[in-house]
Amino acid sequence: MIRSSGESLLHVINDILDFSKLESAKMEIENIPVDVEKLVSETMDVFSHKAAEKNLELNVHIDPALPRKFMGDFQRIKQILVNLVGNAIKFTEKGEILLLVRQINRPGEGGDRNMLHFSVRDTGIGIPAEKICMLFQAFTQADASTTRKYGGTGLGLAISKKIIRLMKGEISVVSEAGKGSDFFFELPLTVAADDENREEDIGWIEIVKNRPIVFYSAHPTTQQVLNQCAMGWGMKVSVLKERSIDELDHVLEETAVFVLDIMRLKPEEAAPLMRVAAGKGAAIITYLPITRAKLDKAKFAPPAGSRHIGLSKPIKRRELLRSMAELFRMPRRVITAPIGAASQGHPAIASAGGHPAMPAASMAPHAQPGMMQPAMPQMIPMMPQQPMQPAAQAHMLAVMPSAQPAPTFAPQIMEEASMEHPGARAASGGHDVQLSNETNRAIQKAAKADGGDSFAVLHPARILLVEDQPLNQKIACMLLQRLGYAKIEVANNGQEAVEMVSQMPFDIVFMDLQMPVMGGIDATRSIRGNFQLKNQPAIIAMTGHALVGVKEECREVGMNAFLTKPVSLDDFRRVIPPALVKEAALIALSL
């Protein structure tokens, strides 16, 4: 309560300070390159927890034709979006919020002008027509009676309008009482040079291109977002119309990945779908609200041994693309079960000897990239030209009957080597990437960076690197070798790390967080819970997700430090010495 009150007071003070700066013409607007996807992603991260608490769908759609970067003020545009999305969540009790970003043309004196259009749509309480004119006035709310219920100072929209005017843009709203609102603003679009190395993203797109994907979501807007993303990457998209096991069993014969939105599903409803997907050898991506991603993770886990990545909502394009590329690079695994499970919709086929056997469909070779697959009569492909439906017109779906829970079974795993890069395997991880000349040059540059063998002499250590990406393994090992560490043990996932730590002593474990089979959080929890270890190693997290919630979770499970990727020589120099002090494993992570 004290923390909440303090944050509210700080928010009011910041609003008043911003308003006073604007009134006295003291606010300066930056003009620097702004990454659209980063801008939207950071805004959604602020509200993912609140939206999940209220059981609201929170979605983003960025026009694929939009340039990656534009010139503007990152922090001020983010401030406006935070205000608009925050209001949408505040005044919406059920339904959804949708953030759209696109490029449009507006007629002007010198001809058409390119404008960057942001739209925040909700299915909230809406605003009566006679009240709209009051919205952008300082210290005023459309309905004074809402102040007591919802809070607020009435400054947010007034500040947003003044900032947008400083950027030579305009803001407006379309709303109807009881039917939601659409707040939108437009800024002059000046495209900025995209000077970042996009080789990693291009490599991911090449992996998923022409590959089939099936997804199920009970929400039409989420369906559209998933469809737009996958179609934009050149994938062959099919949408599961209903939560039908027979339909999924049929279409997955030619499908490599199944995306399941668990937002409105119970564990007993999701389990049969994941069993069918695992039985076909398909990779599985599950989406959970962030509030359930930790608490209900085990309840929505697919059969053991499945190729699976769990993601939290809202959907982020780059995160989804990276996850699919990682799953496609992994060896195909077919999960089979005793014949008794088949009566519950599981696709296992028993052999004559009574032992579980691979389903006939899984015996077929993998579809090669670029090959056209036969159309599935049960599926309705969604065309990329299909417009996004406004959140204010969200559809209500009928409640479907719950599937009967299937009996538990002991799965068996059958692996098939990935055909995409024959012979390319990273230890037992079973996947690798083809490195371009530019990437190899970057690795060589990192390896030649100033390190010095004397560092390892001063700070001798037995090091275990836990990382599933071969490229990241190579770079991290080269950096550590440059510091003088001649031998670095490598584990491809958390399960391997747990086994290796139990078999040999390590001083430091560099632990990636997101990995197949077992992630870094679960692996750390298992290591810290192993009381048979004579000496607990220091465990240092390495991840591309530097959110406060992630750091807190790392600290809770017993990690001792936190590194954000890409990791540098200076990062290793900084964390290794403290990790080698006496009983370093007991030193809690400082946030």
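Thresholds applied
Residues numbered from 1 in each chain as written. Predicted model: local features only at pLDDT ≥ 70, side-chain atom pairs only at ≥ 80, totals over all residues. Heavy atoms only, no water. Helix = DSSP H or I, 4+ residues; strand = E, 2+ residues; numbered from the N terminus. Buried < 20%, exposed > 50% of the residue type's maximum accessible area, 1.4 Å probe, protein only. Contact = heavy atoms within 4.5 Å. Areas by Shrake-Rupley, 256 points an atom, 1.4 Å probe, with all protein chains shown as cover. Salt bridge = Lys/Arg side-chain N within 4 Å of Asp/Glu carboxyl O. Pairing = 2+ DSSP bridges. Axes fitted to C-alpha atoms, helices over the stretch in contact; angles between N-to-C directions. 1 Å grid on protein atoms, 1.4 Å probe; cavity = no way out; pocket = protein on both sides within 12 Å on 5 of 7 lines; lining within 4 Å. Points joined across faces, edges and corners; volume = space filled by probe spheres on them. Nonpolar A, V, L, I, M, F, W, Y, C, P; charged D, E, K, R; others polar.

J.: Can you explain the overall build of the chain? Please cite residues and give values.
T.: Summing up its helical and strand segments, the chain has 18 helices and 21 strands in all. Evaluated residue by residue, the chain yields a buried proportion of 49% over its 591 residues. Within the chain, residue pairs in contact and separated by at least 24 positions form 76% of the contacts whose partners lie at least 6 positions apart. About 28,500 Å² of surface is accessible on the chain, with carbon and sulfur atoms providing 55% of the total.

J.: Help me get a handle on the pattern of salt bridges, residues and values and all.
T.: Across all of its chains, the model carries 26 salt bridges by this definition. Across the salt bridge formed by R264 and E57, the nearest N and O atoms sit 2.6 Å from each other. Residue R264 is found in the loop between β10 (257–261) and α9 (267–279), and its partner E57 is found in strand β2 (residues 57–62); the two are separated by 207 residues along the sequence. For D249, the salt bridge is made with K280, and the minimal N-O distance between the two is 3.5 Å. A residue pair is termed long-range when its members are at least 10 positions apart, and D249 in helix α8 (residues 245–251) and K280 in the loop between α9 and β11 (283–288) qualify at 31 residues. Through salt bridges that share partners, D35, R68, D194 and R198 make up one connected network.

J.: Please provide a residue-by-residue account of the sheet that holds strand β19 (residues 508–512), values included.
T.: Taken in spatial order, the five strands make up an open sheet running β18-β17-β19-β20-β21, and their pairing is parallel. The strands lining the two open edges of the sheet, one partner per strand, are β18 (488–491) and β21 (561–564). On average, each strand axis in the sheet is tilted by 20° relative to the strand beside it, whichever way the strands run. Bridge count between β19 and strand β20 (residues 538–543): five bridges; the pairing is parallel. If you follow D512 over to β20, its bridge partner there is M542. Its contacts with the sheet place helix α14 (residues 470–482) against β17 (463–466), β18 and β19, and it is angled at close to 165° to β18.

J.: Could you give me a rundown of unusual backbone geometry, with the residues and numbers involved?
T.: With an omega dihedral of 5°, the bond running from K313 to P314 counts as a cis peptide bond. A positive phi angle, close to 65°, is found at K168, a residue other than glycine. Tracing the backbone through its elements, the reader meets K168 in the loop between α5 (156–166) and β6 (170–175). A positive phi is found at E583, a non-glycine position, where the angle reads about 55°. You can see E583 is positioned in the segment after α18 (569–579). Looking at E583, the relative accessible area reads 56%, which means it is exposed.

J.: Got a sec to walk through helix α15 (residues 494–503)? Specific residues and values, please.
T.: An α-helical turn contains 3.6 residues, so any two residues separated by three or four positions project in the same direction. Residues of α15 that are buried: G494, E496, A497, V498, M500 and V501. Looking at the buried positions of α15, the neighbouring elements they touch are β17, β18, β19 and α16 (520–528).

J.: Can you tell me about the environment of M542, naming the residues and giving the values?
T.: Position of M542 among the secondary structure elements: in strand β20. Discounting chain neighbours no more than four positions away, the residues touching M542 are L465, F510, M511, D512, L513, L563, K565, V567 and F572.

J.: Which residues make up empty space enclosed by the protein, and what values go with them?
T.: Within this structure, the stated rule accounts for two cavities of 30 Å³ or more. Counted as a void, the largest cavity has a volume near 60 Å³. Around the largest cavity, the lining residues are S48, A51, A52, L56, E57, L58, M263, P289, I290, K313 and P314. Counting only elements with at least two residues in the lining of the largest cavity, the list comes to α2 (36–53) and β2. Broken down by element, the residue count for the lining of the largest cavity peaks at three residues, all from α2. For the lining of the largest cavity, the class distribution of residues is eight nonpolar, one polar and two charged.

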